[in-house]
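Commentary on secondary and tertiary structure
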Amino acid sequence: MEVHISESWKTILKEEFENEYFQKLVGFIKEEYTKYTCYPKGKEIFAAFDHASFDKIKVVIIGQDPYHGENQANGLCFSVHDGIKHPPSLINIFKEIETDLGNPYPKSGNLEKWANQGVLLINATLTVRAHEAGSHQRKGWEQFTDAVIQKISEQKEHVVFLLWGGFAKKKGAKIDNGKHHILTSGHPSPLSANRGYWFGNKHFSKTNEYLKSIGKPAIEW
């Protein structure tokens, strides 16, 4: 697996790519993609980084695993390819945007337009075996994505981190809350949302209010 990633990130993550754990991870991923159907496609594994270059990052959203259904995962957390049925968590994200901002519910679940505006949509684990949730966890991806979050925290200022659910909140330990704006809520999954932990968090309007307050353009959600 060649690391297809934008040049701005290559420089920032050079040490990680050269680290022994990452070399072992590459070996594991190569073998998995050879033996099994895995998602996302190889060229999309680092799509989150390709769409949101390091210098452009304004917002970070942290997911857990890529979708493991056929043709769903596209390398951006919570996002699916054009024409693919929206998974339940994504439906709840769009519903919250509807009530928070008044934006109409979109036809496409592809979140590339967010990423292109500087929203890093990163899963903690960047790959998964088809129909086997969590199958690529604890192989090195978590260490890599921890390092990504830490480098953003250390080398940038005034980034908005949206931490949805317990898993993302744990990742928040890597973020300097004195330099960055952190918003937390329950996860958009039906289990959490239906218990009242997601709807009404207004994270999308709050993010834009903060960005405007520091002189940065709002995100077109």
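Everything discussed here concerns the structure shown above.
Residues numbered from 1 in each chain as written. Predicted model: local features only at pLDDT ≥ 70, side-chain atom pairs only at ≥ 80, totals over all residues. Heavy atoms only, no water.

Turning our eyes to something else, we now look at the overall build of the protein chain. Of the regular secondary structure elements, the protein chain holds 10 helices and 6 strands. A compact globule built from 221 residues should have a C-alpha radius of gyration of about 17 Å, and the protein chain, at 17 Å, falls within 12% of that. Overall, the protein chain is about 45 × 35 × 25 Å in size when its C-alpha atoms are taken along their principal axes. Pairs at least 24 residues apart make up 66% of the contacts formed inside the protein chain by residues separated by at least 6 positions. With the model as given, the accessible surface of the protein chain reaches about 10400 Å², and the carbon-plus-sulfur share is 48%. Side-chain charges in the protein chain split into 28 positive and 26 negative, and the spacing between the mean points of these groups amounts to 4 Å. (Helix = DSSP H or I, 4+ residues; strand = E, 2+ residues; numbered from the N terminus. Rg over C-alpha atoms; globule rule 2.2 N^0.38 Å. Contact = heavy atoms within 4.5 Å. Areas by Shrake-Rupley, 256 points an atom, 1.4 Å probe, with all protein chains shown as cover. Lys, Arg positive; Asp, Glu negative; His and termini not counted. Charge placed at Lys NZ, Arg CZ, Asp CG, Glu CD.)

Following the criterion strictly, the structure yields 1 cavity of 30 Å³ or more and no others. In this structure, the largest cavity encloses a volume near 40 Å³. What lines the largest cavity is simply I45, P66, G75, N123, T125 and L126. Across the lining of the largest cavity, the residue classes tally to 3 nonpolar, 3 polar and no charged. (1 Å grid on protein atoms, 1.4 Å probe; cavity = no way out; pocket = protein on both sides within 12 Å on 5 of 7 lines; lining within 4 Å. Points joined across faces, edges and corners; volume = space filled by probe spheres on them. Nonpolar A, V, L, I, M, F, W, Y, C, P; charged D, E, K, R; others polar.)

Glancing now at helix α10 (residues 203-213). Turning to α10, its buried residues are H203, F204, S205, T207, N208, Y210 and L211. Looking at the buried positions of α10, the neighbouring elements they touch are β2 (59-63), α5 (88-101), α6 (112-115), β5 (160-164) and β6 (181-185). Immediately downstream of α10, the backbone of G215 shows phi near 80 degrees, a positive value. (Buried < 20%, exposed > 50% of the residue type's maximum accessible area, 1.4 Å probe, protein only.)

With 5 of its 5 residues buried, β2 lies for the most part within the structure. Here β2 runs beside strand β3 (residues 119-123); their pairing, made up of 5 bridges, is parallel. Its bridge partner being in β3, G63 is matched across the sheet by N123. Two strands pair when backbone bridges link them, and β2 and β5 are joined in this way by 3 bridges, in the parallel orientation. For V59, the partnering residue across the bridge sits in β5 and is V160. (Pairing = 2+ DSSP bridges.)

Moving on, we come to the side chain of K151. Along the chain, K151 falls in helix α7 (residues 141-155). This buried residue, K151, is left without a salt bridge; E16 holds the nearest opposite charge, at 4.4 Å. What K151 contacts, discounting residues up to four positions off in sequence, is I12, L13, E16, F54 and K156. (Salt bridge = Lys/Arg side-chain N within 4 Å of Asp/Glu carboxyl O.)

Another aspect to go through is the packing of aromatic side chains. Given two aromatic rings, their pairing is described by the distance between the two centres and the angle made by the two planes. Tallying each qualifying case throughout the model produces 21 aromatic pairs. Ring geometry for F46 and F144: centres 6.1 Å apart, planes at 80 degrees, overall edge-to-face. Here the residue F46 occupies a position in the loop between β1 (38-39) and α4 (47-51), and F144 occupies one in helix α7, the gap between them amounting to 98 residues. Exposure remark for F144: the relative accessible area of 0% places this residue in the buried category. (Phe/Tyr/Trp six-rings, centres within 6.5 Å; stacked < 30°, edge-to-face > 60°.)

A word on the layout of surface pockets. Of the volumes computed, that of the largest pocket is approximately 280 Å³. The wall of the largest pocket is formed by 18 residues, among which Q64, D65, P66, Y67 and N123 lie closest to the centre.

So, on to the nonpolar core. The biggest cluster of nonpolar side chains holds 65 residues, and the ones touching the most others in it are F49, I61, W114, L120 and F144. Here this core gets 6 residues from one element, more than from any other, and that element is helix α3 (residues 20-35). (Core = buried A, V, L, I, M, F, W, Y, C linked by side-chain atoms within 4.5 Å.)

So, about the pattern of salt bridges. On inspection of all chains with the given rule, the structure shows 7 salt bridges. Residue E18 pairs with K14 through a salt bridge whose shortest N-O separation is 2.7 Å. Taken together, the residues E18 and K14, both in helix α2 (residues 14-18) and 4 residues apart, mark about one turn of the helix. Residue classification places K14 among the partly exposed residues on the basis of a relative accessible area of 48%. For K171, the salt bridge identified is with D146, shortest N-O distance 2.6 Å. Taken together, the residues span a long stretch of sequence, with K171 in helix α8 (residues 165-171) and D146 in helix α7 at a distance of 25 residues. For K171, a relative accessible area of 6% gives the class buried. For D146, a relative accessible area of 22% corresponds to the partly exposed category. Linked through salt bridges whose partners overlap, the residues forming this network are E32, R129 and E132.

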